[in-house]
Amino acid sequence: MVSFEMNDRKKIGLGLTGFGVFFSFLGIIFFFDKGLIAMGNILFFSGVALTIGLKSSLQFFMKRSNYKGTAAFGAGFFFVVIGWPIVGMILEAYGFIVLFSGFWPTLSVFLQKIPILGWIFQQPFVRSFFDSYRGKRVPV
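Conventions we followed
- Residues numbered from 1 in each chain as written.
- Predicted model: local features only at pLDDT ≥ 70, side-chain atom pairs only at ≥ 80, totals over all residues.
- Heavy atoms only, no water.
- Helix = DSSP H or I, 4+ residues; strand = E, 2+ residues; numbered from the N terminus.
- Buried < 20%, exposed > 50% of the residue type's maximum accessible area, 1.4 Å probe, protein only.
- UniProt positions renumbered as here; feature names shortened; annotations may be inferred.
- Patch = residues over 30% accessible without salt bridge, like charges linked within 9 Å, V, L, I, M, F, W, Y side chains within 5 Å.
- Areas by Shrake-Rupley, 256 points an atom, 1.4 Å probe, with all protein chains shown as cover.
- Salt bridge = Lys/Arg side-chain N within 4 Å of Asp/Glu carboxyl O.
- Axes fitted to C-alpha atoms, helices over the stretch in contact; angles between N-to-C directions.
- Left-handed = near helix turned anticlockwise from the far one by under 90°.
- Contact = heavy atoms within 4.5 Å.
- Nonpolar A, V, L, I, M, F, W, Y, C, P; charged D, E, K, R; others polar.
- Phe/Tyr/Trp six-rings, centres within 6.5 Å; stacked < 30°, edge-to-face > 60°.
- Core = buried A, V, L, I, M, F, W, Y, C linked by side-chain atoms within 4.5 Å.
- 1 Å grid on protein atoms, 1.4 Å probe; cavity = no way out; pocket = protein on both sides within 12 Å on 5 of 7 lines; lining within 4 Å.
- Points joined across faces, edges and corners; volume = space filled by probe spheres on them.

Asks: How would you sum up unusual backbone geometry? Please name residues and give values.
Replies: With a phi angle near 55°, Phe 31 is a residue other than glycine that sits in the positive phi range. If you trace the backbone, Phe 31 turns up in the loop between helix 1 (8-29) and helix 2 (34-52). The exposure class of Phe 31 is exposed, given its relative accessible area of 77%. If you check the backbone angles, Phe 32 has positive phi at about 55° while not being a glycine. With respect to the helices and strands, the residue Phe 32 is situated in the loop between helix 1 and helix 2. Accessibility expressed as a relative area gives 29% for Phe 32, which makes it partly exposed.

So this is what it looks like as structure tokens:
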């Protein structure tokens, strides 16, 4: 049975993932600073690996349906490291969308359950948009 308890490893992983997103955001704000973006990418990858586990991470990124996203994200990271942060971030954004688009149904349910913001996401025009994606399966 799958355990959803929050142990120390998962807490550290979520923290690293959050810092990865934060450093990537700072890198974009500071005119695509390649050092901050590269540090954000490393923290993000290590955070995901700690949160869901190394084996699950490898299975997720090496799944046949995720090859295109993994390749785009890896190429984007390479371009950031060699000094082309704008091209790298465009490739990484595409890879991120391809890799994590399967999490949209889970995210939509979460957004609808937030106490104050959930009211906005439960409006009929917004709910119809969410319901069009609800039947898809989460990739992990």
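Asks: So what's going on with the UniProt feature "transmembrane region" (unreviewed entry) in the protein? Which residues, and what values?
Replies: Here the UniProt-annotated "transmembrane region" (unreviewed entry) positions come out as residues 12-32, 38-58, 70-87 and 93-111. Helix makes up 95% of residues 38-58 and strand 0%, whereas the separation of the span's terminal C-alpha atoms amounts to 20 Å. Overall, residues 93-111 shows 84% helix and 0% strand. The separation of its end C-alpha atoms is 22 Å.

Asks: Report on a nonpolar patch on the surface, specifying residues and quantitative values.
Replies: On the surface, a nonpolar cluster with roughly 410 Å² of combined accessible area is contributed by Phe 78, Ile 82, Trp 84 and Val 87. Take Trp 84: it is sitting in the loop between helix 4 (67-82) and helix 5 (85-100).

Asks: I'd like a rundown of the packing of helix 2 against helix 4, residues and numbers included.
Replies: Relative to each other, helix 2 and helix 4 sit at 145°, their axes nearing to 9 Å. The chirality of how helix 2 crosses helix 4 is left-handed. Residues Lys 34, Ile 37, Ala 38, Asn 41, Ile 42, Phe 44 and Phe 45 of helix 2 lie in contact with helix 4, whose contacting residues are Phe 73, Phe 77, Val 80 and Val 81. Considered class by class, the residues forming the contact of helix 2 with helix 4 number nine nonpolar, one polar and one charged.

Asks: Can you lay out the packing of aromatic side chains for me, pointing to particular residues and giving the numbers?
Replies: For any pair of aromatic rings, the description consists of the separation of the ring centres together with the inter-plane angle of the planes. Scanning all chains against the criterion turns up 14 aromatic pairs. Where Phe 44 meets Phe 73, the ring centres are 6.4 Å apart and the plane angle is 40°; that geometry is what we call tilted. In this pair, Phe 44 sits in helix 2 while Phe 73 sits in helix 4, placing the two residues 29 residues apart along the sequence. Here Phe 44 and Phe 73 have matching classes, each one buried.

Asks: If you had to explain the nonpolar core to someone new, which residues and values would you point to?
Replies: Ranked by size, the top nonpolar core spans seven residues in total: Phe 44, Val 48, Phe 60, Phe 61, Phe 73, Leu 99 and Phe 100. Contributing elements (two or more residues each) for this core: helix 2, helix 3 (54-61) and helix 5. In this view, Val 48 contacts Thr 17, Gly 53, Ser 57 and Phe 61; residues no more than four positions away in its chain are not counted.

Asks: I'd like to hear about the layout of surface pockets, residue by residue, with values.
Replies: When its volume is computed, the second largest pocket comes out at roughly 270 Å³. Lining the second largest pocket we find 13 residues, and of these Ser 24, Asn 41, Phe 73, Met 89 and Phe 96 sit closest to its centre. Within the residue set of the lining of the second largest pocket, elements represented by two or more residues are helix 1, helix 2 and helix 5. Looking at the lining of the second largest pocket, the element that brings in the most residues is helix 1, giving five residues. Residue composition of the lining of the second largest pocket, grouped by class: eight nonpolar, four polar and one charged.

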